[in-house]
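Structure at a glance
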Amino acid sequence: RVTTPEQMLVRSARRATEMTQIDFSERINTPVATLRDWEQGRFPPPGSALCLMRIIAAHPELMRELAAA
């Protein structure tokens, strides 16, 4: 099985926040099944989600602001 950079980015962004898949998916307003598909490499996330993942990976504290939005 091949691991893609997108897959690793999504997984590392979520882990940086120390959130479960369920909590993370709710915070980014994405179905948990979609997040799991991204993390498991079933299909790549869209560009906008990748951009968000890069921001979250670099600044995991911003997830608190998403909760307040």
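Thresholds applied
Residues numbered from 1 in each chain as written. Predicted model: local features only at pLDDT ≥ 70, side-chain atom pairs only at ≥ 80, totals over all residues. Heavy atoms only, no water. Core = buried A, V, L, I, M, F, W, Y, C linked by side-chain atoms within 4.5 Å. Buried < 20%, exposed > 50% of the residue type's maximum accessible area, 1.4 Å probe, protein only. Helix = DSSP H or I, 4+ residues; strand = E, 2+ residues; numbered from the N terminus. Contact = heavy atoms within 4.5 Å.

Focus on the nonpolar core
- If you look at the biggest cluster of nonpolar residues, it comprises 13 residues, and the most contacted ones within it are F24, I28, W38, M53, I56 and M63.
- The set of elements that each furnish at least two residues to this core consists of α1 (5–17), α3 (32–40) and α4 (47–58).
- The element contributing the most residues to this core is α4, with four residues.
- Setting aside anything within four residues of it in sequence, one finds F24 in contact with A13, R14, T17, M19, L35, M53, I56 and M63.

Things to note about α3
- Along α3, the residues classified as buried are L35, D37, W38 and E39.
- In this structure, the buried residues of α3 make contact with α1, α2 (21–27) and α4.

Geometric values such as these leave the question of function open.
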